[in-house]
Amino acid sequence: MRMIEGGHGFAGDPRAVGGVGGHIGAPHSVVGQRVVRHDARDKVQAATAYAGDWAMPGMLHGVVVRSPYPSARIRGIDTTKAAAMRGVACVLTARDVPRNTLMTDVPGQTTTVGPLRAKLHVLAEDRVRHQGEPVALVAAETLEQARDAADAVEVDYEPRPGVFDAEQALAPDAPKVHDEGNLLAHWRIARGDVDAAFAGAAVVVEGEYRTQFVDSAYLEPETGVAWIDSDGVITIRLSTQVIEHFRDVADVLDVPQNRVRVIGAYLGGGFGGKEDVTVEVYLGLLAVKTGRPVKMVWTRQESLLARAKRHPYRLRYRTAAAKTGEILAQDVELLGDSGAYAYLSALVLLYSTVTACGPYRVPAARVQARVAYTNNPPTSAMRGFGAMQTVFGYESQMDRVARALGLPPADVRKANALRRGDTLPVGQVIETHCALPELIDRAWAGLGAPTPPRAPHAKVGRGLACNLQPYGRIVWLHDWASAWVGFEMDGSLVVRCGCPDVGGGQASSLCQIAAEVLGVPIDRISVHIADSALTPLAGTTTASRQLYMSGNATLKASGELREQILGVAAKLLETSVADVDLAGGEVRAADGRTMPLRQVLAACARMGVPRSHLAVYHAPAGEPVDLTKGSGKIFPDYTFGCHAVELEVDTETGRVRLLKHVAAHDVGRAINPMSVEGQIEGGAVQGLGYAMMEEVVLEDGINLTTSFASYLIPTTVDVPDVEAIVLESGEGLGPFGARGIGEPPIGPPAAAVANAIEDATGARVTRLPMTPERVARALRLLT
């Protein structure tokens, strides 16, 4: 289902870059159409070459040796036996790495801001801090030989006491994960008189909620191939969300950055798990050491064991409300588990801090957010990036406030919904339309008539949950992206942009934008992406930012190229630029005359007018703010959504059967409605997995869920069809008024399910995932 809520002209709008405001304001011929993506056919026919499908003559196979212990001192490493084994080309340890410290900066960051910088060793030196930590690398002629040699590397470990709970990690006598202590980061927000608001409230609702470790669980594990080309450039083709990691590889290898090239293949899933460095540094080390191509593919067990997870949180909420349902204050404490290394934990926690009060007006707020080191697996970026865990807290609270006051939960949300001009507790003013009331109505109505229960012991309930999710990077990171658009002499068009395509249609969206502005049929456009040497850099495919950033860069490049071409066409047709247009691969004048585009391009060549254009889009920028003073803007903008679910609870077993799921989001403008709906549907299903079944189970730091037999993800039998409702306010900051939609749909499902369970049974589940055992336990507490 697709709903269009009004529209906004773009003439004179700052988003109408490149002098094409009137053109963009006209009815769209390509943007907004259900265009089949250029990569769709190959993917359906299993013809797409993913990173793991590549091989080269003389290629070696690389394997990582990992620690079996979550906390231990390394007394020594003996590689003699492994290095002497048949087929082994090299064995590397920390002493073989030119610069063994890998810095984890916020990608694109130009200055270090507080706790947003972290470091870890490429290979462990004298200490391992989590199970699966890399200790050594092996390269051999065959994968079997590499694995055998990895098993033969002798590491003398001395197990050490560890800490495996974030609360316990902050105790004074807790074992230190790092010498500087276990508190990694602490963010605070203070706004208004919180204590006075609670004293005068008609109702105060308190709740404690817990979320779990979750894995990205993409189908394609971490993989890549590296080789040294004929110019001596270290070239790495891999599955990554960040081609700018060529800088990290260069730093570790101690070579100039222009001697490393990263090529991003189409991804078989990312979800943030391929935002941090994965295989690229290891591949670079092995290729340089051996002088031969090297391939590395992590096994499923290795991938589930070793990569960074979603942060588990403990969330404590106290919510004060008037008898009308108006929220008066929120008092929030957040505690996250960083695992053994910092990665992006401080930044994830910042997102949680900013979004802790949800998409509602909250006059008084106090938020205390901390994240602690433990000897658990590291945690870092994952779809939703800190703004997801808080949804479970604030949306559970909204329902409980409504029930305490005897008010409809939807009405309480609509009464408190943010409006343009409102200020978040952090001090940021909402500058664009917030369609939350419309989204709530659409989502709730989309459930239709109630479904009757199947048996006397089955109870049917409904719940909803709303969220706000930032898109684009924090403004003080001064984000930018670039794109190149150029005509060939025959009128076909080429788009070059360094954005990795993670499966969300990022590359195809750029084609649609260029086609709309330059009047070129979509089948006459080719796109080249994600090559650090040959495509203009565009930053990470993270933070729901690529359509916003690369889309705007492509829009700008296309618009400025359009003006160049039309200037020549106007001279040839002896008319004004305002009276010519590009459409259907030709130039059309207002009086009906036409001219083949290739004729105009030939004239451009004679006149020295460029037939291509490189553009850089700079996002709104700002400086770091003091969160405790609520002093300014943090993110460029937000995407708002509401999900409604209907489910049936078996009160004898606690089993929950999902019946209906409706997901409504204001996407600003749907560049390709099929891609938008796919993002909403996929995000909702992933959110349902988080709600109902997914959990990385640890026992004293040991991962017990290293296969898809034990780490469960939703299948088609576990979830209903998701009905996606797309509202288009036209008020996003992206091209044509688009908003980011990659992350927002994953947030609401867990809270919506919890609210529906309580609606059906009266039992409130406060810990994820909501397994039958936990639901049954909550039901027993009622009796």
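The numbers attached to residues start from 1 for each chain and follow its sequence in the written order. Totals for whole chains, interfaces and linings use all residues, but because this is a predicted model, local features are given only for residues with pLDDT of at least 70 and pairs of side-chain atoms are given and counted only at 80 or more. Hydrogens and water molecules were not included; the side-chain quantities draw on all heavy atoms of the structure.

Colleague: What am I meant to see in the sheet that holds strand 2 (residues 72-78) here?
Modeller: Either a parallel or an antiparallel arrangement is found when strands of a sheet pair, and the pairing is made through backbone hydrogen bonds. With antiparallel pairing, the three strands of this open sheet are ordered in space as 6-2-8. Only two strands of the sheet have a single partner each, and these edge strands are strand 6 (127-128) and strand 8 (154-159). For strand 2 and strand 6, the ladder comprises two bridges, and the chain directions are antiparallel. Looking at the pairing, R73 lines up with R127 of strand 6. At least two bridges found by DSSP between two strands is the condition for calling them paired. A run of H or I in DSSP counts as a helix once it spans at least four residues, and a run of E counts as a strand once it spans at least two, with each numbered from the N terminus.

Colleague: For this particular structure, what's the right way to read the pattern of salt bridges?
Modeller: Any two side chains of opposite charge can pair, on the condition that their charged atoms come close. By definition, a salt bridge exists where a carboxyl oxygen of Asp or Glu is found within 4 Å of a side-chain nitrogen of Lys or Arg. All chains considered together, the criterion is met by 45 salt bridges. In this structure, the salt-bridge partner of R75 is E158, at a minimum N-O distance of 3.7 Å. Of this pair, R75 sits in strand 2 while E158 sits in strand 8; the two residues are 83 residues apart in sequence, bridging distant segments of the chain. Type-normalised accessible area, obtained with a 1.4 Å probe on protein chains alone, sets the label of each residue: buried when under 20%, exposed when over 50%, and partly exposed for intermediate values. For R75, a relative accessible area of 47% corresponds to the partly exposed category.

Colleague: Help me out: how do you make sense of the confidence of the model for the chain in this one?
Modeller: The predictor attaches a confidence to each residue, called pLDDT, with possible values from 0 through 100. The predicted model of the chain averages 94 in pLDDT, with 95% of residues at 70 or higher. Here a residue-residue contact requires only that any non-hydrogen atoms of the pair lie within 4.5 Å. pLDDT under 50 marks residues 106-115. Its contacts with residues more than four places away, or in other chains, come to 17 contacts.

Colleague: How should I be thinking about the environment of T575 in this particular structure?
Modeller: In this structure, T575 sits in the loop between helix 15 (546-573) and strand 22 (580-583). Placed 14 residues apart in sequence, T575 and A589 show a C-alpha to C-alpha distance of 8.1 Å. Not counting residues up to four positions away in its chain, the partners in contact with T575 are A570, V580 and R593.

Colleague: Sorry, what's going on with the pairing of strand 3 (residues 88-92) here?
Modeller: Within a regular strand, side chains alternate between the sheet's two faces. Of all five residues making up strand 3, four are buried, and the element is well covered by its neighbours. Relative to strand 7 (residues 134-140), strand 3 runs antiparallel, the two sharing four bridges. Residue pairing in the sheet places C90 in a bridge with A139 of strand 7.

Colleague: What should I look at first to understand the packing of helix 11 (residues 389-405) against helix 18 (residues 749-761) in this one?
Modeller: Pairs of packed helices are described in terms of their axes, by the angle between the two and the distance that separates them. Viewed as axis vectors pointing N to C, helix 11 and helix 18 meet at an angle of 30 degrees, and their least axial separation amounts to 8 Å. The pairing of helix 11 with helix 18 is recorded here as roughly parallel in orientation. Crossing geometry of helix 11 relative to helix 18 is assigned as right-handed. Between helix 11, through V391, F392, E395, S396, D399, R400 and R403, and helix 18, the contact on the second element is made entirely by A750, A751, A754, N755, E758 and D759. Classes in brief: Ala, Val, Leu, Ile, Met, Phe, Trp, Tyr, Cys and Pro nonpolar; Asp, Glu, Lys and Arg charged; the others, Gly included, polar. Of the residues that constitute the contact of helix 11 with helix 18, the class distribution is five nonpolar, two polar and six charged. Lines are fitted to the C-alpha atoms to define the axes, a helix being fitted only along its stretch in contact, and any angle between axes, read from their N-to-C directions, falls within 0 to 180 degrees. Angles below 35 degrees are treated as roughly parallel, those above 145 as roughly antiparallel, those between 65 and 115 as roughly perpendicular, and all remaining angles as oblique. By definition, turning the near helix anticlockwise from the far helix through less than a right angle yields a left-handed crossing, and turning it clockwise yields a right-handed one.

Colleague: Explain the domain arrangement of the chain here, please?
Modeller: When the parts of a complex come together, some accessible area is lost, and that lost area is often taken as the interface size. Note that the domain bounds were set by an automatic or database domain assignment. Domain boundaries assigned for the chain yield domain 1 (60-160 + 222-297), domain 2 (313-474 + 624-778) and domain 3 (480-618). On a C-alpha basis, the centres of domain 1 and domain 2 stand 36 Å from each other. With 24 residues of domain 1 in contact, the opposing surface of domain 2 contributes 24 residues. Once two parts are put together, the accessible area they lose, assessed with a 1.4 Å probe and summed over both, is termed the buried area. Counting the surface lost from both domain 1 and domain 2, the interface buries some 1900 Å², and carbon and sulfur atoms represent 63% of this. At the boundary of domain 1 with domain 2, the tally comes to zero salt bridges. Whenever two N or O atoms come within 3.5 Å, that pair is a polar contact, provided that in protein one can donate a hydrogen and the other can accept it, and provided that, for residues adjacent in sequence, both atoms are side-chain atoms. The tally of links between domain 1 and domain 2 comes to seven residue pairs in polar contact (both at pLDDT 80 or more). Tallying contributions element by element places strand 5 (residues 118-121) first for the side of domain 1 that touches domain 2, with three residues. Residue classes in the side of domain 1 that touches domain 2 are distributed as ten nonpolar, seven polar and seven charged.

Colleague: What's the story with the side chain of K309 in this structure? I'm lost.
Modeller: Assignment of secondary structure puts K309 in the loop between helix 9 (300-306) and strand 15 (313-321). A distance of 2.3 Å separates the side chain of K309 from the backbone oxygen of L304, its partner in a polar contact. From its side chain, K309 meets the backbone oxygen of R307 in a polar contact 3.3 Å long. Once residues lying within four places of it in the same chain are set aside, the contact partners of K309 are F213, V214, D215, S303, L304, P377, P378, T379, S380, V696 and N703.

Colleague: Quick question: what am I supposed to make of the packing of aromatic side chains here?
Modeller: Aromatic rings considered in pairs are described by the distance between their centres and by the relative angle of their planes. Each Phe, Tyr or Trp ring, with Trp reduced to its six-membered ring, pairs with another whose centre is within 6.5 Å; inter-plane angles below 30 degrees give stacked pairs, above 60 give edge-to-face pairs, and intermediate values give tilted ones. Following the criterion strictly, the structure yields eight aromatic pairs and no others. Relative to Y317, the ring of Y209 lies with its centre 6.5 Å away and its plane at 70 degrees, an arrangement referred to as edge-to-face. Of the two residues, Y209 sits in strand 10 (residues 203-210) while Y317 sits in strand 15, which places them 108 residues apart along the sequence. Residues F635 and Y638 carry aromatic rings whose centres are separated by 5.9 Å and whose planes lie at 80 degrees to one another, so their mutual orientation is edge-to-face. The two residues F635 and Y638 agree in class, both being buried. One aromatic cluster is present, built from ring pairs that chain together Y351, F385, F635 and Y638. Put simply, a charge is over a ring when the Lys NZ or the Arg CZ is close to the ring centre, within 6 Å, and near the line of the ring normal, within 35 degrees. Above the plane of the ring of Y690 lies R310, whose end atom (NZ or CZ) is 5.3 Å from the centre. Geometry around F198 places R318 over its ring, the cationic atom sitting 4.1 Å from the centre.

Colleague: Sorry, what's going on with unusual backbone geometry here?
Modeller: Negative phi characterises most residues that are not glycine, and trans characterises most peptide bonds. Note the cis peptide between L768 and P769, where omega equals -5 degrees. Within the secondary structure, P769 sits in the loop between helix 18 and helix 19 (772-782). Its identity is not glycine, yet A46 carries a phi of approximately 60 degrees, on the positive side. Considering the arrangement of structural elements, one finds A46 in the loop between helix 2 (40-44) and strand 1 (60-66). Located in the positive-phi region is A543, a residue other than glycine, with phi close to 60 degrees. Looking at the element boundaries, A543 is found in the loop between strand 21 (525-529) and helix 15. Look at A543 and you get buried, because its relative accessible area is 15%.

Colleague: Help me understand the sheet that holds strand 23 (residues 586-589), please; the structure alone is not making it clear to me.
Modeller: One open sheet accounts for three strands, arranged 22-23-24; its pairing is antiparallel. Strand pairing shows two members of the sheet lacking a second neighbour, strand 22 and strand 24 (594-596), which therefore form its edges. Neighbour-to-neighbour, the strand axes of this sheet turn through a mean angle of 25 degrees, independent of strand direction. As paired strands, strand 22 and strand 23 are joined by four bridges and run antiparallel to one another. Among the inter-strand pairings, V580 is bridged to a residue of strand 23, identified as A589. In the packing of helix 16 (residues 597-607) onto the sheet, the strands contacted are strand 22, strand 23 and strand 24, and the crossing angle to strand 24 comes to about 70 degrees.

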